Each structure stands twice: as C-alpha cells, then as structure tokens.
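# Notes for the structure review
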Amino acid sequence: MALSVGLLASPAIAAPVTAPAPAPELGAAKADVVQQRLDALVKGDGVPGVLAAVQGRDGRTHNYTAGVGDTATGVRVPVDGQFRIGSNTKSFVAVVVLQLAAEGKVDLDASVDTYLPGVVHGDGIDGRRITVRQVLQHTSGLPNYTDFLDTSGPDQYIEPRQLLDIALAHKPDFAPGAGWKYSNTGYVVAGLIVQRVTGRPLGEEVTKRVIDKAGLRHTYFPAQGDTGIRERHPHGYVREQAGGPLQDITEMDPSWAWAAGAMVSTNTDLNRFFAALIGGRLLPPAQLAQMRTTVPAPYLGPGARYGLGLASRPLSCGGLYWGHGGTLPGYVSRGGVTEDGRAANVTVTEQPVEEVKQHVADAVDAALCK
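Parameters and conventions
Residues numbered from 1 in each chain as written. Predicted model: local features only at pLDDT ≥ 70, side-chain atom pairs only at ≥ 80, totals over all residues. Heavy atoms only, no water. Buried < 20%, exposed > 50% of the residue type's maximum accessible area, 1.4 Å probe, protein only. Helix = DSSP H or I, 4+ residues; strand = E, 2+ residues; numbered from the N terminus. Arc of directions from axis to C-beta. Contact = heavy atoms within 4.5 Å. pLDDT = per-residue confidence, 0-100. Polar contact = N/O pair within 3.5 Å; in protein donor to acceptor, adjacent residues only side chain to side chain. Salt bridge = Lys/Arg side-chain N within 4 Å of Asp/Glu carboxyl O. Phe/Tyr/Trp six-rings, centres within 6.5 Å; stacked < 30°, edge-to-face > 60°. Core = buried A, V, L, I, M, F, W, Y, C linked by side-chain atoms within 4.5 Å.

Every buried residue of helix H5 (residues 160-168) is listed here: Pro160, Leu163, Leu164, Ala167 and Leu168. Buried residues along H5 cover an arc of 135 degrees about the axis, so they all sit on one side. Those residues of H5 that are buried are in contact with strand S5 (121-122), strand S6 (125-126), helix H6 (184-198) and helix H8 (258-261).

Right, here's the structure in full:
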C-alpha cells in the first residue's frame, strides 16, 4: 500500500469535464501514450483489466480502459468504475487528523497516549514516547500488523483494536523517530484517535470532513458488513502463486484494512481529492505545509518522499507529483497531481508482482509528462 516539502501556494484545479479517450485513427503513427501503456499492462504483463483517468492543465479529463472487467463474462472494464483504493485511504484519514489539529483538538507533537491512554503499549512499545506526527509519517517504529495477518481475503469483520493487538504482540522496528518504515498500524492508531477526539465513527468523520467537502460523488468508507462495491466496477483478482489462475476477490470484508486502506473510490474522484488537497481547499495553509514536509521514503521508489499521509515522487520530465497509491487484494492504484493542475490515476484489477506495480507507476509518469 502506500507513498512529500515546500510551502508553495498551489493553484486551484478545475473540476474535471469527462471526455472520451482519443482513439487512434486508421493509419495514425501511434496511439495515445496512455492507452499504449494500459494495453501493455494487459498484453505484456497479463493483468486482467486497467482503468485510468488523466486530467490536463485545461481541466478536461480523459478516461481510459484496457482488458476486461470480468474474466468470466469478458465484459469490458467500466469507464471510471469504482475500486478498492487501499492505502490512498491514509491520505483521507491524515486530512481529518490535520483538520482536528487546525481546530486545536489534536497536537501533532503530543504523544498518542494523550488521546489513547494505555492503549499503545507492548514489549519495547510505549505510547507515551510516540507522537501523532510519527504515526502519520511512518516514523513511529510500530510493527506493521499486515505483516502478521493473512490479507488474501478475510471474510469476517475485525475490530480496529484487534488489528492493533496483532501489531503490539511484536517488538517495534526501531525507537520512535529513529527511522522510517511503512506501517499500517500507525493509521489504525490515527483512526482510533479521530474516534476518541470526535466521539464519532471514523467513516462518518471522513465522509463529512473530506468526501462531502471535496464533492466526491463516488467515494465512500465501507460500513460494517459492507462487502461489495456499490456502483459499476471491474472485478478484482489475486493469484495464489505467480502464473497461477486468477481468483475473483471482488467481494470481501475490508474491515482488516480500516483506516489504513478500506475505502472505495474512482480514478476521477481520487484526482479530484488530491487536486482539492494540494489546491488548499481541504486544509489551512499551516496544516497543508505540515502535510507536505517530508522525509526520504526509498521503499516507495527512487526519489520518493513521505509527509503526513502524502507522498511526492519525481517525474521523468522534471518536477514532481503529490499523491499516495494503494494496494489491496484485487486492485493496485497509483497516481497524483502536479502543482500546475495535471492529474492522473491508473488502476489495475490484480495485485501483481513488484515489477508490474512499477509499470503502473510508469504509466502515471507517462500520463503526467505527455
């Protein structure tokens, strides 16, 4: 799952106007570079389906698809269909925490024990020494609970505190602030802090404070027992082993991902969300600056840096883009926005090997640099 430094003012980015992907004319020298990348993911890498949304500087969005949306029927991938966005969820949760910080209800440099007394403790783990900022930036040292959980498709509801207990049964990866390592556990802690401070379920706070505020019409935080995907969507698949048969994992209980990765959205909505975030429409300038203050995160790719639930990555054509990315059984998405109004998100309907995930990221780079 997974994925930033400056205090530059970001331009507002217009809401997308959907336009069909340009189809290459007969005899054309080459197809659109984004369509080429998507076709290669299907034909060369063997993923069942791909969908993408690319927004240009003019605010117009082009949607693309390749492959099939259901291997059993051969139906096409639905244009801008919904999918499980995995760790992109972290950016939504981080925005809520930073909004609470702006309201004076959360201190980023206070210990997590301030808000969850006695909850974050274990062998070598002390919630009095771990700050809110550290759990958002993956510098807490908390062991990653998904390293010890079978995430191939749990089909029963798991309480957030159970996820935390799984992590706290293990020793920390390092002392708080002494390193950087991606940890889904930190976002379980962040979600519990939101609930303790607001007195409301995390999903309700994310909906009210982020989804509704950004005008995201096809994005939601699944409720307990919500195992399907509500709107048009491509099916998601996994393989038990490389080269093995695809297994449909579209229907699942995403409670095991919770604040770390349970949400559902579309490529266009993710572009709209990150555009609103970087454009300053979800956070005051001071909190957005905190979110964009980053540390190196090489695990996320060459040149990647991580802020508070937000990552930056360099572009091959110069500059960088801001986003996150998500990996969940059945779906992998990569994307983000640039300071000048470009946006792209690409999603494949399988959890492929790392090399293919890099090809997805390469497709994002091609879209933003075209």
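What follows covers the confidence of the model for the chain. Looking at the chain as a whole, the pLDDT averages 91, with 91% of positions reaching at least 70. Contacts for the low-pLDDT stretch residues 1-30, under 50 throughout, to residues beyond four places or in other chains number 87 contacts.

Restricting attention to buried positions, one finds in helix H1 (residues 33-43) the residues Val34, Gln35, Leu38 and Leu41. In an axial view of H1, the angular spread of the buried residues amounts to 120 degrees, which keeps them on one side of the axis. Elements that come into contact with the buried residues of H1 comprise strand S2 (49-55), strand S3 (60-67), strand S16 (343-348) and helix H11 (354-369). The residue sitting at the N-terminus of H1 and contributing the capping side-chain oxygen is Asp32; that oxygen lies 2.7 Å from the backbone nitrogen of Val34.

In this section: the side chain of Ser255. Locating Ser255 in the fold gives a position in the loop between strand S8 (246-248) and H8. Owing to a relative accessible area of 9%, Ser255 belongs among the buried residues under this scheme. From its side chain, Ser255 meets the backbone nitrogen of Ile158 in a polar contact 2.9 Å long. Those residues in contact with Ser255 that sit more than four places away from it in its chain are Gln156, Tyr157, Ile158 and Leu163.

Under the criterion given, the structure shown has 15 salt bridges. One salt bridge connects Glu205 with Arg209, and the closest N-O pair in it is separated by 2.7 Å. With Glu205 and Arg209 both in helix H7 (residues 202-214) and four residues apart, the pair spans about one turn of that helix. Across this residue pair, the class does not change: Glu205 and Arg209 are buried. Connected via shared salt-bridge partners are Glu103, Lys105, Glu205, Lys208 and Arg209.

Turning our eyes to something else, we now look at the environment of Lys43. Residue placement: Lys43 occurs in helix H1. A relative accessible area of 72% places Lys43 in the exposed class. Sequence separation between Lys43 and Ala66 is 23 residues, and the spatial gap between their C-alpha atoms is 9.4 Å.

Tallied over the full model, the rule gives six aromatic pairs. Here the aromatic rings of Phe92 and Phe273 are separated by 3.8 Å at their centres, their planes lie at 10 degrees, and the arrangement is stacked. Separated by 181 residues along the polypeptide, Phe92 in helix H2 (residues 88-102) and Phe273 in helix H9 (residues 267-278) bring together distant segments of the chain. Looking at Phe92, the relative accessible area reads 0%, which means it is buried. The class of Phe273 is buried, set by a relative accessible area of 0%.

This paragraph deals with the nonpolar core. In this structure, Phe92, Val120, Leu136, Val189, Phe273, Leu277 and Met291 are the most contacted members of the largest nonpolar core, which totals 84 residues. The leading source of residues in this core is H2, at nine residues. Excluding residues that lie within four positions of it along the chain, Phe273 makes contacts with Ser91, Phe92, Val95, Val210, Leu216 and Leu282.

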